[in-house]
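Geometric and topological summary
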Amino acid sequence: QVLLKEVSDFAASTKQELENFRLKYISKKGALAELFEDLKKVPVEQKKQVGKVLNELKQAAESKFAALNEALESSGGSNIDIDLTLPPVPNKVGNLHPLTLTRLRIIEIFERLGFNVADGPEIEDDWHNFSALNFPENHPAREMQDTFFIEKSNKEGGDILLRTHTSNVQIRLLEKQRPPVRAIMPGRVYRNEAISARAHCFFHQVEGLYVDKNVSFADLKQTLFHFAKEMYGKDIKLRLRPSFFPFTEPSAEIDVTCLICKGSGCVVCKKSGWVEIAGAGMVHPNVLKNCGVDPEEFTGFAFGMGIERVTQLRYQVNDLRLYSENDIRFLKQFHTEG
Ligand code: PHE
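All figures in this text were calculated on a predicted structure; none of them were measured in a lab.

**Focus on the packing of helix α3 (residues 31-39) against helix α4 (residues 44-74)**
Helix-helix packing: each pair is described by the crossing angle between the helix axes and the interaxial distance. Put simply, α3 and α4 touch, their axes get as near as 11 Å, and they point 170° apart. Classified by the angle between their axes, α3 and α4 sit roughly antiparallel to one another. Residue-level inspection shows L32, L35, F36 and L39 of α3 in contact with α4, the latter providing K47, V50, G51, L54, N55, L57, K58 and A61. Grouping the amino acids of the contact of α3 with α4 by side-chain chemistry returns eight nonpolar, two polar and two charged.

Now the structure itself:
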């Protein structure tokens, strides 16, 4: 009876366990064979009854073996015990693109300053990409940015083109939202340039816009200084050089000291030790007027920077083409920071 219970309770998760079971009970040297041997010694009157019990046991053991064997076969059971204490083989998960990592970091820094994230179309009309931004008709300033034109159009907004900068979103935002407006606008932009290590026909910018009462140049400088410290380290120094953009007055180019980007690997850093990171300025009164905002009541600042450039400084990537070639050896070097 004890054996019968043992046999029917038995479970095997590996072939080895099942084989041990076979050896213990069913094989020629197993417990059953021994019992049948003992049967010879049993007095004749009990032989029938004991024999019957033994046969039941034998049958139970054999059908158990057959059932377990089949179960193991169909589940592909192996001879190897699984060691659950072994460390797992790590799953290969992808990682974010370096430009995405940089964009997320930029957004994080500006969100803490109260900037929203806004978006706009990459296929744009002349009005939002140029005219409303105070680029005069046929003015050479338009040629500063080699434009991909898509379609000549006589419609209100003029020709259709691929936006050459994210400044179009400034206009779209001011057209629909009354100040205060405080937003950054990351996105892809296009310029008709030959592809090389230092230029590409598409790249990414983040535009910043802050329009409210009494926004000053000091606000602009301090905001970008704060950004630079957060992005590049607190010992970074900031420098503004006079510049020109049709949509800002006064305009400036923003340089920072080459704090993290050093040595021969750093091609963007000039010998002077400064590297340009952004264009900026006070929003031109004409731009505000074009969007129905009264420049007597409101002032604002705007800035624009290249995400590739920031990424280049962070990770020392010196060839713009790497960003869009999808080479897995390049892409897997970038890990999300905590
Ligand atoms: N749109 C400018 C460019 O692409 C950058 C810029 C943005 C400059 C906002 C000033 C203010 O070069």
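On we go from here.
**With respect to the nonpolar core**
One finds Y232 and F303 to be the most contacted residues of the largest nonpolar core, which totals 39 residues. Elements with a contribution of two residues or more to this core: α5 (98-112), β6 (202-212), α8 (217-232), β8 (248-257), β9 (274-283), β10 (299-306), α10 (307-315) and α11 (328-331).

**Points about the site of the ligand**
Residues in contact with the ligand amount to 15 residues; listed here are only the nearest, H165, S167, R191, Q205 and E207. A distance of 3.0 Å is found between a nitrogen atom of the ligand and a side-chain nitrogen or oxygen belonging to S167. The separation between an oxygen atom of the ligand and a polar side-chain atom of Q205 is 2.9 Å. For the ligand, the protein covers 91% of the area, taking 330 Å² as the surface of the free molecule. Counting residues per element, the ones that place at least two in the shell around the ligand are β6, β9 and β10. Of the residues assigned to the shell around the ligand, the class counts are five nonpolar, eight polar and two charged.

**Describing the UniProt feature "binding site: Mg(2+)" (unreviewed entry) in the chain**
Per the UniProt record, "binding site: Mg(2+)" (unreviewed entry) is annotated on E249. Note that E249 resides in strand β8. If we ignore the near neighbours within four places in the chain, the residues touching E249 are M282 and H284.

**With respect to the sheet that holds strand β5 (residues 181-190)**
If you walk across this open sheet you meet the seven strands as β1-β5-β6-β10-β9-β8-β7, and the pairing is mixed. The open sheet has two free edges, formed respectively by β1 (116-117) and β7 (238-245), since each of these has just one partner strand. Sheet topology places β6 next to β10; eight bridges connect them, and they run antiparallel. The partner of L209 across the bridge, within β10, is A302. The strands that α5 touches are β1, β5, β6 and β10; relative to β5, the one it contacts most, it runs at about 165°. In this fold helix α7 (residues 168-176) packs onto β5, β6 and β10, with an angle of close to 140° to the strand it touches most, β5.

**Some words on the layout of surface pockets**
Counted as a void, the second largest pocket has a volume near 280 Å³. Of all the secondary structure elements, the ones that give two or more residues to the lining of the second largest pocket are α5, β5, β6 and α10. Residues that form the lining of the second largest pocket fall into these classes: eight nonpolar, six polar and four charged.

**Here we look at the confidence of the model for the chain**
Taken over all residues, the pLDDT of the chain has a mean of 87, while the share at 70 or more is 92%. Across the assembled chains, the prediction reports ipTM 0.98 with pTM 0.72.

**Some words on the packing of aromatic side chains**
Evaluation of the coordinates by the stated rule reveals 15 aromatic pairs. For the ring pair F110 and F115, a centre distance of 5.3 Å and an interplane angle of 75° mean the geometry is edge-to-face. F115 carries the same exposure label as F110, and that label is buried. Members of the aromatic cluster, connected to one another through ring pairs, are F110, F115, Y210, F227, Y232, F301 and F303. The cationic tip of K229 hangs over the ring face of F225; the distance from NZ or CZ to the ring centre is 4.5 Å.

**Regarding the packing of helix α1 (residues 2-9) against helix α2 (residues 15-26)**
One can describe the packing of α1 onto α2 by two numbers: an axis separation of 12 Å at closest approach and a directional angle of 160°. Overall, the two elements α1 and α2 adopt an arrangement that is roughly antiparallel. Remark: the crossing between α1 and α2 carries left-handed chirality. From α1, L3, E6 and V7 reach across to α2, where they touch F21, K24 and Y25. Grouping the constituent residues of the contact of α1 with α2 by class yields four nonpolar, no polar and two charged.

**What about the side chain of Q170?**
If you trace the backbone, Q170 turns up in helix α7. Residues contacting Q170, with those up to four places away along its chain left out, are L133, M185, E207, L209 and A302.

Conventions and cut-offs
- Numbering of residues begins from 1 in every chain and follows the order in which that chain's sequence is written.
- Where totals are concerned, whole chains, interfaces and linings use all residues; where local detail is concerned, this predicted model gives features only for residues with pLDDT of at least 70, and gives and counts side-chain atom pairs only at 80 or more.
- Note: side-chain values were computed over all heavy atoms of the structure, leaving out hydrogens and water.
- Simply put, an axis is a line fit to the C-alpha atoms, just over the touching stretch for a helix, and the angle between two N-to-C directions goes from 0 to 180 degrees.
- Strands here mean DSSP runs of E at least two residues long; helices mean DSSP runs of H or I at least four residues long; both are numbered from the N terminus.
- With respect to orientation, any angle under 35 degrees is reported as roughly parallel, any angle over 145 as roughly antiparallel, any angle of 65 to 115 as roughly perpendicular, and every other angle as oblique.
- We call two residues in contact when some of their heavy atoms are within 4.5 Å.
- Three classes are used: nonpolar for Ala, Val, Leu, Ile, Met, Phe, Trp, Tyr, Cys and Pro, charged for Asp, Glu, Lys and Arg, and polar for all others, with Gly counted as polar.
- Throughout this description, the term nonpolar core refers to a set of buried Ala, Val, Leu, Ile, Met, Phe, Trp, Tyr and Cys residues connected via side-chain atoms within 4.5 Å.
- With a 1.4 Å probe rolled over the protein chains alone, any residue whose accessible area is under 20% of its type maximum counts as buried; one over 50% counts as exposed, and the rest are partly exposed.
- To be near a molecule or strand, a residue needs just one of its heavy atoms within 4 Å of it.
- What qualifies as a polar contact is a pair of N or O atoms within 3.5 Å, subject to a donor-acceptor requirement within protein and to the restriction that residues adjacent in sequence count only when both atoms come from side chains.
- Here the accessible surface of atoms and residues is derived via Shrake-Rupley with a 1.4 Å probe, and residues count as covered only by protein chains that are part of the display.
- UniProt positions are given in the numbering used here, feature names are shortened, and annotations may be inferred rather than shown by experiment.
- DSSP bridges decide pairing: two strands pair if at least two such bridges lie between them.
- Here a cavity is any set of points on a 1 Å grid over the protein atoms alone where a 1.4 Å probe fits but cannot get out, and a pocket is any open set with protein on both sides within 12 Å along at least 5 of 7 lines; a residue lines the site when it has an atom within 4 Å of a point.
- Grid points are joined across faces, edges and corners, and a volume is the space filled by probe spheres set on the points.
- pLDDT is a per-residue confidence score from the predictor, ranging from 0 to 100.
- Any two rings among Phe, Tyr and Trp, with Trp reduced to its six-membered ring, count as a pair given centres within 6.5 Å; such a pair is stacked if its planes are under 30 degrees apart, edge-to-face if over 60, and tilted if neither.
- Here, a charge over a ring is recorded when the distance from Lys NZ or Arg CZ to the ring centre is within 6 Å and its angle to the ring normal is within 35 degrees.
- Left-handed describes a crossing whose near helix is turned anticlockwise from the far helix through less than a right angle; right-handed describes the clockwise counterpart.

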